[in-house]
Amino acid sequence: TAFTQVTMANSSSATLATPNDTANLKYLIESMANSHMGVGNTYYWDPTNGNDSNNGVQPSTAVKTFARLDQLLVDNHYDTVYCISADPSGLTTVTETIAITKSTVKLRGPGYSFQLKPTGTSADTISISGHSVQISGLYIETAATGSRKGVSITGNNNQIRDCWIKNCRSDGINIAT
């Protein structure tokens, strides 16, 4: 028809625009946590496939040890650590002890499939000296010998929830503030 203009735009392939930052997804996940939101940095810990040379900011660049994570975490920054259970057996077993020295850290495990069972008897399985630390979704034991605690807390305002604490040679949870 007269005075009609038609413009056609074709694409050789479908394109999905995605933002580089995952901040909106992080806020959505954290809003469902029923506690203070972790709005700082997000890190991934994969004891099976991780590498301590990685930066830990994506599941594909997860770190191998919690000792490396402690170097990356920022004190009072509300950082969140997601534990990845990636062992082919379906059960990821961590043999290192964990010291959470930074405040406002959130350590989030996937549940029973992520088990902390240290082999050494020189430290408690988890030691928390930071304040406002949250741990959840972990299976916690102590070493088979010695007299260590499952979780030892010296910081204030900490939260432990949805954890399995079993086979402890001393206290399962010890709070000394």
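Residues numbered from 1 in each chain as written. Predicted model: local features only at pLDDT ≥ 70, side-chain atom pairs only at ≥ 80, totals over all residues. Heavy atoms only, no water.

(A) How the structure looks around the overall build of the protein chain. Within the protein chain one finds two helices and 13 strands. Here the protein chain holds 177 residues, and the buried ones make up 37% of them. In the protein chain, of all internal contacts separated by at least 6 residues, the share reaching a separation of at least 24 is 63%. Working note: accessible area of the protein chain is about 10000 Å², and carbon and sulfur atoms make up 50% of it. (Helix = DSSP H or I, 4+ residues; strand = E, 2+ residues; numbered from the N terminus. Buried < 20%, exposed > 50% of the residue type's maximum accessible area, 1.4 Å probe, protein only. Contact = heavy atoms within 4.5 Å. Areas by Shrake-Rupley, 256 points an atom, 1.4 Å probe, with all protein chains shown as cover.)

(B) Molecular detail of the pattern of salt bridges. Applying the stated criterion across every chain yields a total of four salt bridges. A salt bridge links Asp124 to Arg148, with the nearest nitrogen and oxygen atoms 3.2 Å apart. Placement of Asp124 in the loop between β6 (114–116) and β7 (126–128) and of Arg148 in the loop between β9 (139–140) and β10 (151–153) is noted, with a sequence separation of 24 residues between them. With a relative accessible area of 7%, Asp124 lands in the buried category. When its relative accessible area of 29% is taken as the criterion, Arg148 is described as partly exposed. For Arg161, the salt bridge goes to Asp162, with nearest N and O atoms at 3.5 Å. (Salt bridge = Lys/Arg side-chain N within 4 Å of Asp/Glu carboxyl O.)

(C) Molecular detail of the side chain of Asp124. A distance of 3.2 Å separates the side chain of Asp124 from the side chain of Arg148, its partner in a polar contact. In this structure Asp124 touches Thr97, Arg148, Lys149 and Ser152, once residues within four positions along its chain are discounted. (Polar contact = N/O pair within 3.5 Å; in protein donor to acceptor, adjacent residues only side chain to side chain.)

(D) Broad picture of a nonpolar patch on the surface. A surface patch of nonpolar side chains, about 290 Å² in accessible area, is lined by Leu91, Tyr112 and Trp164. Structurally, the position occupied by Leu91 is in the loop between β2 (80–83) and β3 (92–94). Since its relative accessible area comes to 32%, Leu91 is described here as partly exposed. (Patch = residues over 30% accessible without salt bridge, like charges linked within 9 Å, V, L, I, M, F, W, Y side chains within 5 Å.)

(E) Seen up close, the sheet that holds β6. In space, the four strands of this open sheet follow the order β3-β6-β9-β12, with parallel pairing throughout. Two strands bound the open sheet, and with one partner strand each, they are β3 and β12 (164–165). Sheet topology note: the β9/β12 ladder contains two bridges and is parallel. When the sheet's bridge partners are listed, Tyr139 is paired in β12 with Trp164. (Pairing = 2+ DSSP bridges.)

(F) Summary view of the pairing of β2. The alternating pattern of β2 places Thr80 and Tyr82 and Val81 and Cys83 on opposite faces, both of which are buried. Here four bridges tie strand β1 (residues 42–45) to β2, and the two strands are oriented parallel to one another. Within β2, the residue paired with Tyr44 across the bridge is Tyr82. You can see the chain leave β1, run along helix α2 (residues 66–72) and come back into β2, and the turn it takes is right-handed. Direction of pairing for β2 relative to strand β5 (residues 106–108): parallel, over a ladder of three bridges. Bridge pairing in β5 places Tyr82 opposite Arg108. (Right-handed = clockwise from strand over helix to strand, strands pointing away.)

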